[in-house]
Structures are given as structure tokens and as C-alpha cells.
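Spelled out from the first residue to the last, the chains are:
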Amino acid sequence: MKFTDHIDGRVRDRALTTVDLAATFVLAIECALTGVRADFDLFGILVLAFVGSVGGGVMRDLLLGEHPPAPLRDWRYAALAVAAAAAVLTASVTLGGVGTFTPPIAVDIFEAVGLALAAIAGARKSVDYRMNGSSIVVIATVNGCGGGILRDILCARVPRVLHEDFYATAALAGATLMVLLMARFRLRKDIAGAIAGVSIFALRTAALLGEWRLPHLR
Amino acid sequence: MKFTDHIDGRVRDRALTTVDLAATFVLAIECALTGVRADFDLFGILVLAFVGSVGGGVMRDLLLGEHPPAPLRDWRYAALAVAAAAAVLTASVTLGGVGTFTPPIAVDIFEAVGLALAAIAGARKSVDYRMNGSSIVVIATVNGCGGGILRDILCARVPRVLHEDFYATAALAGATLMVLLMARFRLRKDIAGAIAGVSIFALRTAALLGEWRLPHLR
Amino acid sequence: MKFTDHIDGRVRDRALTTVDLAATFVLAIECALTGVRADFDLFGILVLAFVGSVGGGVMRDLLLGEHPPAPLRDWRYAALAVAAAAAVLTASVTLGGVGTFTPPIAVDIFEAVGLALAAIAGARKSVDYRMNGSSIVVIATVNGCGGGILRDILCARVPRVLHEDFYATAALAGATLMVLLMARFRLRKDIAGAIAGVSIFALRTAALLGEWRLPHLR
């Protein structure tokens, strides 16, 4: 594990932090857009962007036992979430209602990118912590979907993850692929992560565009 | 503590794992039935069954500081949750709508069995971790009710635990009984757990059948 | 750190425990009043008072890695929550509907006092655990607002923190002030905490009475 050191019992992995920060930024944009569309006020949008973008990473670190969680310890996460929300709000004011005019598919694309980045961050950090395959897949899925679940709970609505069939599934499939690539094909975690991330984004986007649905039962 | 070893700082307790897995299976059936009745689709039902059945155990392990929580580390929990959901779905399709025709009381009985098993698992694991009496009772109650609270939050409704008066109370009373039996009467945790589990189920079922209610105040 | 010892790796800080217990009592009164107004029954009110009053402290201890969290380990928290709920219920019955007749501003004042006490408890405990400034501010805010968020999620409504603009902001500003007073002006944590606590209460109350609002955007 060339790029991974342990400091004070914590994992230090620069590529991981980069992916994690990128996920935070993208998810914060998506949550800020959601907040604008739901007619929240300035502060509500800031809180929603912060909770929705770092929520998955906080859950991941609580599951891994890293205290306090990186997204709350490192000021850059909060700064990126605020910057993303500010960008959305500025655009919304200057362009006369970005929120209202943003096509829903654009928000969904941001969410798909954020899902892929966050799931890969979760998988990679679990690998750094030497978790078993089962834990890696679950923690990656929680990292990918956790922020969106908190976002929807704060908006008092049924989380998307329950009625979008290829959302958690995409994260789960990508993380499983990453574990397989590393365990069977001995790929390095950088390459396995990149392949898995692209797969998650492709699967999620295909499901969005093709409106893939699993059947209802009743 | 004859049946308990510690491996890597974690508790190893086979009877505990058996009870925990049984609770997961029963609660997953109950949550899958709830999902069918709420007209969720295939994937929503799977997620609901997984979150609702392992949620209490995950909260318990986070409170006890076991990282990652056993239900996310051990693939058998997820497998049982999926198997339970698959059984409900198969029955629903072949029998033409199990969800619609299942009498609510049957769902409630599954929930009562799951509550008793999960609460006892929580109490026993807290004993294994040498928690004090107050913590044992609280953690057992969280283990018993936590999954159901998450299930209801995901369904965007007020959790049952708030308006079913003898739900958390039953878990609380059973865990208190178990602590008393072990501390005062020096019963072994196997026997104390069995007595407490039966008491929780009996109290919950009596409250269900008798429609016991505490008064409203306003 | 004269008043702080470590026992079993846990922080021992008597002033902290006092502030934490006071926050629990005040927040439990506020949550019990909320439960009465929402027409919950006896048991729902008890659960709401318990979860809403200790929720922030439990989240804080999970973030700090103290297992099990102090509010679940120490029976005095639960006892105070139950006592507060019992006081509200007794008053409600004897006075003929305290809940119905309590002016909303009175509930808000209890909430403001609880917010200030809980945020200061969170900041002080983070200082005791030698967290960095960024973590202290976030953990103090979570401690201050966490219980109220859980209370609103249990009531299946959008949390107040999202539409009350000077709620989380007040906790955030107060915790930042406390960190500045300690780091720049070398004030002791007792004095810095007292100043920060009064500031949070003053800011929150001013925002309530003046009906301060940030603009909506759409």
C-alpha cells in the first residue's frame, strides 16, 4: 500500500481525500439545487447542502470507527459544501431562478456523479482499513447513498433510494466489481476504483435515461 | 463467562449470533410485508427489509463501539434479510397478493417476535461488553426498536414506537427483568435471556390483543 | 486542564456533566410540551422527551468515539428526562391543558436555553478531547441541534433547523466565539463557555423576538 500511511491510527491516503472532497462538492451542488427547488430559504439550503454532501462520509467513518469523522474534522469539506451552495445561489439570483429552470435530469446527473465518487471513496477507505469484502461493499453503498437519504429525511419525504431501483444497486454493483478486480485480478486500488466509479456512473445514468424500473408487486 | 471469548477485542458469543440472526430474519419478513402493503417496488422492499432488520443491531454496535457493526461485517445478516424478502415476494406472487391479504395482526406478531429476539440480543451483547445496568437496558431497547424506527422514517411516517404504548416499554421491561435476574438471582445469561425474551413477547402480544392504550392528554 | 481527568480513557469533567444534565432537563421540558401540543399520548411524550433531550449528546459522543455515549451510560440523564416529562404532564392535567395554553414563545424560550446549554456542553467536551477548532465548532452545533432534529424526524415533519435561520447559526457562532476566546484571548474554558452560552441564547432569542429571516430565493 504505497500511497497509504497511518498517522495516529488514522488512514492517510491523498487520492482518497481528493475523491472524497470531489464527492462532497458535487453532492453539495445537487443538494443546493434540490433545496432551491423545494423553496427552502438561504440557510435551509446551506444546511441541506452540508448534511447531504458529508452525511455519507460521516456514516462511513462512524462504521469504520474513525473519530471524529474526517468530513467534520477537516474544514475543507465544510468549505466546499458552502462554496457549492454559494455558487448555486449566486447563479440562481443572477440567472433569475436556476433552481426553477434547471432540468431535473441535470440534478440527477450531478447526483449520479456524486454517487459514483462517494461510493468509490467508501470502498477505498474500507480497503485502507483492511475490511473484509462484505463490509467493503456495504460501507461503499452507505457512503454513496447516505447523504441522499439524510437529504430526503430532512425534506420529510420517502428517500429516493427506496423508489429508484438502480441507485443503491449501482453503488452495490460497483463496489462488488472493485472488490472482485482487486481480489481476483490483482488490480491496484487506483485502477480498480476508477473502473468501478465509471461503472457506477454508467449504470446509474443508463437507468435514468432508460427509465429502468423493477416491477411493483401488488 | 464460559461461552464468551474475545477475538481482536471483539466479543465472540455463538448463542448471541444465533439470536441476532434469528431477529434479523423475523424482522426482515415483517419489513418486507410492510413494504408490500405500502406498495413499494421490488428494490424498495429489499432495502426496507435490510435496513429494518439490521438497523437495531447496527445502532447497538455503534453505541458499544464495535467497528464495523456485526450486521454489516458478517454477510449472513444481509443474506438472511434478502432470503426473507425473497420468501415474502415469492409467496406474494404465487398466492396472489400475500401483502394485501395478510391480516395486520400477523405482521404485528412477526414484529413482536423480532422485538423480543432483538432486545435480548442487545441485552446479551451489552452484558458481554460488561456494560452497567443502565446501559444494558437502554441498548437492549435501542436494539429492539431501532430497526422499526428506521423502517418508519424511510416510509416518511411517525414511528410506531411513539404511538404504540407497549412496544419500547416491553423491550425496556424485559431488559430490566434480565438485568435483575442476573444481578439479584445470579441466573446465567442464557436462562435470564430466555425468560426475558418470553416476557417481552408475552407483554407485547397481550398489549396488541387487548389493545392496551395509555390515555391521551389534551 | 485542572478540572479534567481521564478515567478509563474517558473524560471526567464535573462542570461539563452539570451543563449536560441541565441541557437534558430543559430540552426534555421543551420536547414534552411539543408532544402534548402534537396530541401524542403519554408514552409517545416520554419517548419524544427522552430522544429529543439526549439525542444531541449521543450524536456528540458517537462523533468523539466515547462508547457507550454518556447520556445512555449514566442513568441521571434518563431520570431527568422522565422527571421533566412528568412535570409537564402533571401541570398539563392539573392546570387543564398546559400544552394547549402554553404560548409558543414559551416553548421557544425553553428551546433557546437548551440550545445554548447543549452547544456549550458539546464545545467543552470537544475541548476536553483536544479536538481541533473545526471539529469543536461542528460537534458543538450537532450537540445543540441534534436532539431537535430527531424530535422533528420522529414527528415526521421538516426539522425546524432548516427553516429557522438563526438556530444552527446561533450554535455555530457561539462555538466559534468560544474557540476564539480560548485560542486568542487565552480565556479559561469555564469563562469562555459562559460567554459563548449567553451569546447563543441572546442571538437565538433576538432572532425569535425580531422574527429575523433570511430571504427566500425562488
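Cut-offs used in this document
Each chain carries its own residue numbering, running from 1 in the written order of its sequence. Key to labels: chains lettered from A, ligands numbered from 1, both in the order written. A pLDDT threshold of at least 70 governs which residues receive local features in this predicted model, and a stricter bar of 80 or more applies before side-chain atom pairs are shown or counted, although totals over entire chains, interfaces and linings include all residues. Side-chain metrics in this entry use all non-hydrogen atoms of the structure; hydrogen atoms and water are not considered. Working definition: helices are DSSP H or I runs of at least four residues, strands are E runs of at least two. Numbering for both runs from the N terminus. Atoms considered for the radius of gyration are the C-alpha atoms alone. The globule rule reads 2.2 Å times the number of residues to the power 0.38. Relative accessible area decides the class of each residue, using a 1.4 Å probe on protein chains only: under 20% of the type maximum gives buried, over 50% gives exposed, and in between gives partly exposed. Throughout, a contact is declared for two residues whenever any of their heavy atoms are within 4.5 Å. Accessible surface area values rest on a Shrake-Rupley calculation with a 1.4 Å probe, where residue burial reflects the displayed protein chains alone. The charge count treats Lys and Arg as positive and Asp and Glu as negative. His and the chain ends do not count. Throughout, a charge is located at the NZ atom of Lys, the CZ atom of Arg, the CG atom of Asp or the CD atom of Glu. Here the copies were fitted onto each other by least squares, based on C-alpha atoms from residues at pLDDT of at least 70 in both. Note on aromatic contacts: the rings of Phe and Tyr and the six-membered ring of Trp form a pair at centre separations within 6.5 Å, being stacked when their planes are under 30 degrees apart, edge-to-face when over 60 apart, and tilted otherwise. Note on definitions: buried area is the accessible-area loss of two parts on being combined, 1.4 Å probe, summed for both. Whenever a carboxyl oxygen of Asp or Glu lies within 4 Å of a side-chain nitrogen of Lys or Arg, that contact is scored as a salt bridge. Definition of a polar contact: a pair of N or O atoms within 3.5 Å, with one able to donate and the other able to accept a hydrogen when the atoms are protein atoms, and with sequence-neighbouring residues admitted only if both atoms are side-chain atoms. Three classes are used, and their members are as follows: Ala, Val, Leu, Ile, Met, Phe, Trp, Tyr, Cys and Pro are nonpolar, Asp, Glu, Lys and Arg are charged, and the others, Gly among them, are polar. UniProt positions are given in the numbering used here, feature names are shortened, and annotations may be inferred rather than shown by experiment. Simply put, an axis is a line fit to the C-alpha atoms, just over the touching stretch for a helix, and the angle between two N-to-C directions goes from 0 to 180 degrees. Orientation is classified from the angle alone, with under 35 degrees giving roughly parallel, over 145 giving roughly antiparallel, 65 to 115 giving roughly perpendicular, and any other angle giving oblique. Handedness of a helix crossing follows the sense of rotation of the near helix relative to the far helix, less than a right angle counterclockwise being left-handed and clockwise being right-handed. Note on disulfides: each one is a pair of cysteine sulfur atoms within 2.5 Å. Expected span, for any helix, means 1.5 Å times one less than how many residues it has.

Caption draft 1: Seen up close, the overall build of chain A. Counting secondary structure elements, chain A contains ten helices and two strands. When the helices and strands of chain A are read in sequence order from the N terminus, they spell out β-β-α-α-α-α-α-α-α-α-α-α. Against the globule reference of 17 Å for 218 residues, chain A gives a C-alpha radius of gyration of 17 Å, in line with a compact fold. Expressed as lengths along the three principal axes of its C-alpha atoms, the size of chain A is roughly 50 × 45 × 30 Å. Scored against the burial criterion, the 218 residues of chain A give a buried share of 56%. Pairs at least 24 apart in sequence give 72% of the contacts found in chain A among residues at least 6 apart. When the accessible area of chain A is evaluated, it comes to approximately 8,600 Å², of which 68% is carbon and sulfur surface. Across chain A, the centroid of the 21 positively charged side chains sits 7 Å from that of the 18 negatively charged ones.

Caption draft 2: Inspection of the side chain of B:Glu164 at higher detail. Here B:Glu164 shows up in the loop between α8 (160–163) and α9 (168–183). We classify B:Glu164 as buried; its relative accessible area is 17%. Aside from chain neighbours lying at most four places away, what touches B:Glu164 is B:Arg204, B:Arg213 and C:Phe43.

Caption draft 3: Representation of the relation of the copies chain B and chain C within the structure. Overlaying chain B with chain C gives an RMSD of 0.0 Å, the required rotation being 120° about an axis along which the chain moves by 0.0 Å. The two molecules are tied by a three-fold rotation axis, judged by turn and shift. Within chain B, B:Ala156 has its C-alpha nearest the rotation axis, a separation of 3.6 Å. When you check the interface residues of chain B against chain C, a mere 10% turn up at the interface there too, and the two sides of the contact use different surfaces.

Caption draft 4: How the structure looks around the packing of aromatic side chains. Residues and elements named next belong to chain A. In this structure the tally under the stated criterion is three aromatic pairs over all chains. Here the aromatic rings of Phe166 and Trp212 are separated by 5.3 Å at their centres, their planes lie at 85°, and the arrangement is edge-to-face. On the criterion of sequence distance, the pair formed by Phe166 in the loop between α8 (160–163) and α9 (168–183) and Trp212 in the segment after α10 (189–210) is long-range, its members being 46 residues apart. Overall, the relative accessible area of 38% leaves Trp212 in the partly exposed class.

Caption draft 5: Highlighting the interface of chain A and chain B. Taken residue by residue, the interface counts 29 residues in chain A and 27 residues in chain B. In this assembly, chain A packs against chain B so that about 2,300 Å² is buried in total across both faces, 68% of it on carbon and sulfur atoms. Linking chain A with chain B are zero salt bridges, by the criterion used here. Summed over the shared surface of chain A and chain B, the number is four residue pairs in polar contact (both at pLDDT 80 or more). Sorting the residues of the side of chain A that touches chain B by element identifies α2 (42–64), α7 (133–154), α8 and α9 of chain A as the ones contributing at least two each. In terms of residues, the side of chain A that touches chain B owes the most to one element, α7(A), which gives six residues. Class assignment of the residues belonging to the side of chain A that touches chain B gives a composition of 16 nonpolar, eight polar and five charged.

Caption draft 6: Spotlight on the UniProt feature "transmembrane region" (unreviewed entry) in chain A. Residues and elements named next belong to chain A. With numbering matched to this structure, UniProt assigns "transmembrane region" (unreviewed entry) to residues 15–36, 42–63, 75–99, 105–123, 135–154, 166–184 and 191–210. Annotated as 100% helix and 0% strand, the span residues 105–123 places its first and last C-alpha atoms 27 Å apart. As a span, residues 166–184 carries 84% helix and 0% strand, and end to end its C-alpha atoms are 25 Å apart.

Caption draft 7: Region of interest: the interface of chain B and chain C. Contact residues are listed per partner, giving 29 residues for chain B and 27 residues for chain C. Taken together, both faces of the contact between chain B and chain C bury some 2,300 Å²; the carbon and sulfur share is 68%. Remark: the boundary between chain B and chain C carries zero salt bridges. Of all the elements in the fold, those that place two or more residues in the side of chain B that touches chain C are α2 (42–64), α7 (133–154), α8 and α9 of chain B. Ranked by residues supplied to the side of chain B that touches chain C, first place goes to α7(B) with six residues. Across the side of chain B that touches chain C, the residue classes break down as 16 nonpolar, eight polar and five charged.

Caption draft 8: Here's a closer look at the pattern of salt bridges. The final tally for this structure, using the stated rule, is 57 salt bridges over all chains. Between B:Lys189 and B:Asp13 there is a salt bridge whose closest N-O contact spans 3.5 Å. Here B:Asp13 lies in strand β2 (residues 10–13) and B:Lys189 lies in helix α10 (residues 189–210), a separation of 176 residues in the sequence. Each member of the pair, B:Lys189 as well as B:Asp13, is classed as buried. The partner of C:Asp61 in a salt bridge is C:Lys125, with the nearest N and O atoms 3.2 Å apart.

Caption draft 9: Quick look at the relation of the copies chain A and chain B. For the pair chain A and chain B, the superposition axis carries a translation of 0.0 Å, the fit reaches an RMSD of 0.0 Å, and the rotation angle comes to 120°. Taken as a fraction of all interface residues of chain A, those also at the interface in chain B reach only 10%, which identifies the copy contact as different-surface.

Caption draft 10: Focus on the UniProt feature "domain: Glycine transporter" (unreviewed entry) in chain A. Residue and element names in this part refer to chain A. The UniProt record annotates "domain: Glycine transporter" (unreviewed entry) at residues 18–90 and 109–182. This span, residues 18–90, is 86% helix and 0% strand, and a straight line between its end C-alpha atoms measures 25 Å. Taken end to end, residues 109–182 has its terminal C-alpha atoms 28 Å apart, with 82% of it in helix and 0% in strand.

Caption draft 11: Representation of the packing of helix α9 (residues 168–183) of chain C against helix α10 (residues 189–210) of chain C in the model. All names here are of chain C. Contact geometry of α9 with α10 gives a least axis separation of 8 Å together with a crossing angle of 155°. Relative to α10, the element α9 is oriented roughly antiparallel. Crossing angle aside, the handedness with which α9 passes α10 is right-handed. The residues of α10 that touch α9, namely those facing Ala170, Ala171, Ala173, Gly174, Leu177, Met178, Leu181 and Met182, are Lys189, Ala192, Gly193, Ile195, Ala196, Ser199, Ile200, Leu203 and Arg204. When its residues are assigned to classes, the contact of α9 with α10 shows twelve nonpolar, three polar and two charged.

Caption draft 12: Geometry of unusual backbone geometry. A cis geometry characterises the amide bond from B:His67 onward to B:Pro68, with omega recorded as -15°. Position of B:Pro68 among the secondary structure elements: in the loop between α2 and α3 (70–73). Even without glycine at this site, A:Ala156 takes up a positive phi of about 55°. In this fold, A:Ala156 is placed in the loop between α7 and α8.

Caption draft 13: Representation of the state of the cysteines in the model. What the rule picks out here adds up to zero disulfides over all chains. Counting only cysteine sulfurs, A:Cys31 is the nearest neighbor of A:Cys145, a cysteine outside any disulfide, at a range of 13 Å.

Caption draft 14: Region of the structure containing helix α6 (residues 104–128) of chain C. All names here are of chain C. For α6, spanning 25 residues, the distance from its first C-alpha to its last is 36 Å, which sits close to the expected 36 Å at 1.5 Å a residue. Across the 25 residues that make up α6, a large majority, 18, are buried. In the stretch just after α6, Arg130 is the one whose phi turns positive, near 55°.

Caption draft 15: Quick peek at the side chain of B:Thr141. By secondary structure assignment, the location of B:Thr141 is in helix α7. Leaving out residues up to four positions away in the same chain, B:Thr141 has contacts with B:Gly146, B:Ala168, B:Ala171 and B:Leu172.

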